[in-house]
Amino acid sequence: MKAESFLPDNYSPAEDEPFMNERQLEYFRRKLLDWRSELLADSRDTIEGLQEATRNIPDVTDRASEETDRALELRTRDRQRKLVAKIDAALRRIDEGEYGYCERTGEPISLKRLDARPIATMTLEAQERHERREKVHRDD
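Fair warning: this is a prediction, and the values are worked out from it, not measured in the lab.

Scoring rules and cut-offs
- Residues numbered from 1 in each chain as written.
- Predicted model: local features only at pLDDT ≥ 70, side-chain atom pairs only at ≥ 80, totals over all residues.
- Heavy atoms only, no water.
- Helix = DSSP H or I, 4+ residues; strand = E, 2+ residues; numbered from the N terminus.
- Buried < 20%, exposed > 50% of the residue type's maximum accessible area, 1.4 Å probe, protein only.
- Contact = heavy atoms within 4.5 Å.
- Areas by Shrake-Rupley, 256 points an atom, 1.4 Å probe, with all protein chains shown as cover.
- Patch = residues over 30% accessible without salt bridge, like charges linked within 9 Å, V, L, I, M, F, W, Y side chains within 5 Å.
- Salt bridge = Lys/Arg side-chain N within 4 Å of Asp/Glu carboxyl O.
- Lys, Arg positive; Asp, Glu negative; His and termini not counted.
- Charge placed at Lys NZ, Arg CZ, Asp CG, Glu CD.
- Polar contact = N/O pair within 3.5 Å; in protein donor to acceptor, adjacent residues only side chain to side chain.
- pLDDT = per-residue confidence, 0-100.
- Phe/Tyr/Trp six-rings, centres within 6.5 Å; stacked < 30°, edge-to-face > 60°.

1. Some points on the overall build of the protein chain
Scanning the protein chain from N- to C-terminus turns up four helices and zero strands. In the protein chain, which comprises 140 residues, the share counted as buried stands at 30%. Counted over contacts in the protein chain with a minimum sequence separation of 6, partners at least 24 positions apart contribute 51%. Approximately 9800 Å² of the protein chain is accessible, and the part contributed by carbon and sulfur atoms is 49%.

Below is the structure:
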């Protein structure tokens, strides 16, 4: 029996069940797939909007404003493209049985953290240590 066939709509991972059991994995798979679908739909909407918005605006100020809006929209979509890649990597980790475990320490990542940030690859403590080291090396 596949996990998706018995996962209730109101299911939420709980600390009192085995970590990364079939239900939890299916819950996070669905969460990631839904998030990915939303991002891809937004990207399609942006592309369609940009194609429709190509028009000749005679006023220089209006044209500059529209170009600024476009640049901001494209930057946002680029960030989302990178996010889709992270979502795909998380889905691969689910398939490979590595999802939910810190890539640095091998310890389980808290369910609360994964629920808030399903693409997380490190425990909160390992992430904080990583960011502190990054900051120290960046200041050099």
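2. Section: a negative patch on the surface
A cluster of acidic residues, Asp34, Glu38, Asp42, Asp45 and Glu48, forms a negative patch at the surface. Considering the arrangement of structural elements, one finds aspartate 34 in helix α1 (residues 22-52).

3. Details of the side chain of asparagine 21
Mapped onto the elements, asparagine 21 comes out in the segment before α1. Looking at asparagine 21, its side chain comes within polar contact range of the side chain of glutamate 17, at 3.2 Å.

4. A look at the confidence of the model for the protein chain
Low pLDDT means the predicted atomic positions in that stretch should not be read closely. Of all residues in the protein chain, 89% attain a pLDDT of 70 or more, and the chain-wide mean is 88. Of all the helices and strands in the protein chain, α1 carries the lowest mean pLDDT, 88, while helix α3 (residues 111-116) carries the highest, 97.

5. Looking at the side chain of glutamate 17
When you line up the elements, glutamate 17 lands in the segment before α1. Among residues more than four places away in sequence, those in contact with glutamate 17 are Tyr11, Ser12 and Gln24.

6. Re the packing of aromatic side chains
Taken as a whole, this structure holds four aromatic pairs when the rule is applied. Centroid distance tyrosine 27 to phenylalanine 28: 5.1 Å. Interplanar angle 80°. Geometry classified as edge-to-face. Phenylalanine 28 matches tyrosine 27 in its accessibility class, with the two residues each being buried. Taken together, the ring pairs in this structure connect Tyr11, Tyr27, Phe28 and Tyr99 into an aromatic cluster.

7. Section: the pattern of salt bridges
Applying the stated rule across the entire model yields nine salt bridges. Lysine 31 is the salt-bridge partner of aspartate 115, the closest N and O atoms lying 2.9 Å from each other. Of this pair, aspartate 115 sits in helix α3 while lysine 31 is found in helix α1, placing the two residues 84 residues apart along the sequence. Assessed through its relative accessible area of 28%, aspartate 115 is described here as partly exposed. Residue lysine 31 is classed as partly exposed on the basis of its relative accessible area of 26%. Close ionic contact of aspartate 78 with lysine 82 constitutes a salt bridge, the shortest N to O distance being 3.6 Å. A residue pair is termed a helical-turn pair when its members lie 3 or 4 positions apart in one helix, as aspartate 78 and lysine 82 do in helix α2 (residues 60-96) at four residues. When salt bridges that share partners are traced, they join Glu26, Arg29, Arg30 and Asp95 into one network.

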